[in-house]
Amino acid sequence: MAKPITFNTGEKSFQAAINKVDRDKVYGYIEESISDANGEICLSGNLLDDGSTIILSGATALKTVDFNNNEVDKKSLKAVYMDGKDATLIPSSYDGEVRLELANADDLYNLEVTAVYQLDFENLSVAKKDVLTYFEGEKYYRFVFNYRADYEGADAIMLATENDVFVLTGRMLSFEYLENKNKPVVIEEEVATGNEEDNIDFGML
Amino acid sequence: MSRYINLADEKGRNAEVIFSGITKKPLVKMITLDGKDTHTQRVLKGKAENSYEGLMLQFKDDEQIADAIIKNDADIDLEMTGRFLEETNKIYIDKQLKPVSKISKKEIVYNPDGTQKEERAVKDSIANILSENPVKPNGKLFSKKEMSRKLVFAKKYQISHINGLTFDFLFEMAKMLHEKESIIMLGGGVKGNEPLVFQDGGKSYRAFLEGRVKDNSYLLLLHLSNLELKGVK
């Protein structure tokens, strides 16, 4: 089992590993297959702006450069907040204890979820049933999640369903309530993107 | 940046209103020790001819490829490697690494265990949020708390009015949902039961409307879901 994280609500402390819920493993997935006029499978690539140079996937890299476009060694850089103050490194959630703060349903609905994790209690002293019982009454807890030490942790909310405990991570959005006042609106043009199968079973609804 | 959506309420009234997302602003930036800004630049590692596939076309086996790399740096083009890249265009190429112009597409559907389920023609999705058929609620209210334990809401958009009439229209919707502590599923298409597609060729999502009010102001959010909150073993 993966390394566990220690969670603490103030009233209760427990340990659990977290396993990412992969959508592909829940619903399956779709791949697009492209073939040429002879029925041979094609590869995808990119054409550079010179109109003749072809590159394959994985043929590019990201480099950090200064204002003169000279590459800069990342070890020689420092992290600051946008106001210029030195940024604080947030430790990994695997180092030390993660403090859980009580949250509410609106917090969950404000969270733009980018990853879902399922808590794994196997082989640990704290029973899953014990934690599920604690989460009864539709409790939500929020915390800052960091897989590894970083300057920007992810917002996270822990909640329980009937049989499992989950952590949803992403970013907490802040919305403005609107009054009856008109304000200028910039309308963006539509951009075509890729396609994805919607194979959620909504029979329960 | 905002876009229009043709939205109806439960009484069958509809209006074109605005929906917009919130762009993520960076919290932190990396600077040099003397305080100068840095930025990220995409650079080229090698052309198609320098890739493993390209070298295999030229040298035919791994041993000869290894020799060529050791002796002549065949995996590097000294003029192109390290070049800064801006816009590139996606193309399809054949096994000879030449561009192809006539292609056919199909979808291969895989099961969760990775086994192939079926092959089929590509389904072209058409945007349905601004068509003559407004996006409409399906009539059934779901408890916010209950649904938070059934679905994962990945993407959120805020819906905004564009004038006084649409303010009343949206405020009333938000107030109803707020008072009932509920969300309602939205659907597109003629019957109002299709997932929402925001642009031609785009992904389809199940969408839910959530409303909150505070004095004379409202918050109406469109939540998009493509995952149920289900445990996996």
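Procedures and definitions
Residues numbered from 1 in each chain as written. Chains lettered and ligands numbered in written order. Predicted model: local features only at pLDDT ≥ 70, side-chain atom pairs only at ≥ 80, totals over all residues. Heavy atoms only, no water. pLDDT = per-residue confidence, 0-100. Contact = heavy atoms within 4.5 Å. Phe/Tyr/Trp six-rings, centres within 6.5 Å; stacked < 30°, edge-to-face > 60°. Helix = DSSP H or I, 4+ residues; strand = E, 2+ residues; numbered from the N terminus. Buried < 20%, exposed > 50% of the residue type's maximum accessible area, 1.4 Å probe, protein only. Lys NZ or Arg CZ within 6 Å of the ring centre and 35° of its normal. Buried area = accessible area lost by both parts, 1.4 Å probe. Salt bridge = Lys/Arg side-chain N within 4 Å of Asp/Glu carboxyl O. Polar contact = N/O pair within 3.5 Å; in protein donor to acceptor, adjacent residues only side chain to side chain. Nonpolar A, V, L, I, M, F, W, Y, C, P; charged D, E, K, R; others polar. Pairing = 2+ DSSP bridges. Lys, Arg positive; Asp, Glu negative; His and termini not counted. Core = buried A, V, L, I, M, F, W, Y, C linked by side-chain atoms within 4.5 Å.

### So, the confidence of the model for chain A
When pLDDT drops low, the exact placement of atoms in the prediction is not to be read closely.
No. 1: Looking at chain A as a whole, the pLDDT averages 86, with 86% of positions reaching at least 70.
No. 2: Every residue in residues 191-205 of chain A scores below 50 in pLDDT, and together they form 49 contacts with partners more than four places removed in sequence or on other chains.

### Regarding the packing of aromatic side chains
No. 1: Applying the stated criterion to the full structure yields 17 aromatic pairs over all chains.
No. 2: Each ring, one from Phe19(B) and one from Tyr157(B), has its centre 5.0 Å from the other, and the planes form 85 degrees; the classification is edge-to-face. Of the two residues, Phe19(B) is situated in strand β2 (residues 14-20) and Tyr157(B) in strand β9 (residues 151-160); the sequence distance between them amounts to 138 residues.
No. 3: Residue class for Tyr157(B) comes out buried when judged on its relative accessible area of 16%.
No. 4: Chaining the aromatic ring pairs together yields one cluster made of Phe7(A), Phe14(A), Phe121(A) and Phe143(A).
No. 5: In this arrangement the basic side chain of Lys139(A) is found over the ring face of Tyr134(A), its NZ or CZ atom lying 4.1 Å from the centre.
No. 6: Directly above the aromatic system of Tyr109(A) lies the positively charged group of Lys144(B), at a separation of 5.1 Å from the ring centroid.

### Side note on the interface of chain B and chain A
No. 1: Between chain B and chain A, the contact holds 115 residues from the first and 99 residues from the second.
No. 2: At the boundary of chain B with chain A, total buried surface from both sides reaches about 10,100 Å², with 60% on carbon and sulfur atoms.
No. 3: When residues of chain B are sorted by the area they lose upon contact with chain A, Ile22(B), Arg149(B) and Glu228(B) head the list and together hold 7% of the total.
No. 4: Asp106(A) serves as the salt-bridge partner of Lys144(B), at 2.8 Å between the closest nitrogen and oxygen.
No. 5: Viewed at the interface, chain A and chain B are joined by 36 residue pairs in polar contact (both at pLDDT 80 or more).
No. 6: In the side of chain B that touches chain A, the residues fall into 48 nonpolar, 31 polar and 36 charged.
No. 7: Where strand β4 (residues 43-47) of chain A and strand β5 (residues 89-93) of chain B come together, 5 bridges link them in antiparallel fashion. For Asn46(A), the partnering residue across the bridge sits in β5(B) and is Lys90(B).

### A word on the side chain of Lys156(B)
No. 1: Take Lys156(B): it is sitting in strand β9.
No. 2: Within the buried set, Lys156(B) has no salt-bridge partner at all; the shortest N-O distance to an opposite charge, 6.6 Å, is to Glu210(B).
No. 3: Within the local environment of Lys156(B), its side chain forms a polar contact with the backbone oxygen of Leu111(A), the two atoms lying 3.2 Å apart.
No. 4: Of the polar contacts made by the side chain of Lys156(B), one reaches the side chain of His223(B); its length is 2.9 Å.
No. 5: Non-local contacts of Lys156(B), meaning those with residues more than four positions away in its chain, are made with Leu108(A), Tyr109(A), Asn110(A), Leu111(A), Glu112(A), Leu173(A), Phe175(A), Gly21(B), Leu222(B) and His223(B).

### Concerning the environment of Leu168(A)
No. 1: Relative to the elements of secondary structure, Leu168(A) occurs in strand β13 (residues 165-172).
No. 2: The exposure class of Leu168(A) is buried, given its relative accessible area of 2%.
No. 3: In this structure the C-alpha to C-alpha distance between Leu168(A) and Ser13(A), which are 155 residues apart in sequence, comes to 19 Å.
No. 4: If near-sequence neighbours (up to four positions away) are discounted, Leu168(A) is found in contact with Leu108(A), Leu111(A), Val113(A), Ala115(A), Val116(A), Asp155(A), Ala156(A), Ile157(A), Leu159(A), Val152(B) and Leu229(B).

### Here's the deal with helix α2 (residues 62-72) of chain B
No. 1: A distance of 3.1 Å separates the backbone nitrogen of Glu63(B) from a side-chain oxygen at the start of α2(B), and that oxygen is part of Asp61(B).
No. 2: Just beyond α2(B), the residue with positive phi is Asp73(B), at close to 50 degrees.

### Focus: the nonpolar core
No. 1: The biggest cluster of nonpolar side chains holds 29 residues, and the ones touching the most others in it are Ile159(B), Leu170(B), Leu209(B), Tyr218(B), Leu220(B) and Leu222(B).
No. 2: When residues of this core are traced back to their parent elements, those giving at least two are β1 (2-8), β2, β9, α4 (164-179), β10 (182-187), β12 (204-214) and β13 (217-228) of chain B.
No. 3: Per element, the largest residue contribution to this core is 7 residues, and it comes from α4(B).
No. 4: Those residues within four positions of Ile159(B) in sequence are excluded, and the remaining contacts are Leu178(A), Leu7(B), Val17(B), Ile18(B), Phe19(B), Leu170(B), Leu209(B), Tyr218(B), Leu220(B) and Leu222(B).
No. 5: Judged by nonpolar contacts, the second largest core, of 24 residues, contains Phe7(A), Ala115(A), Tyr117(A) and Tyr141(A).

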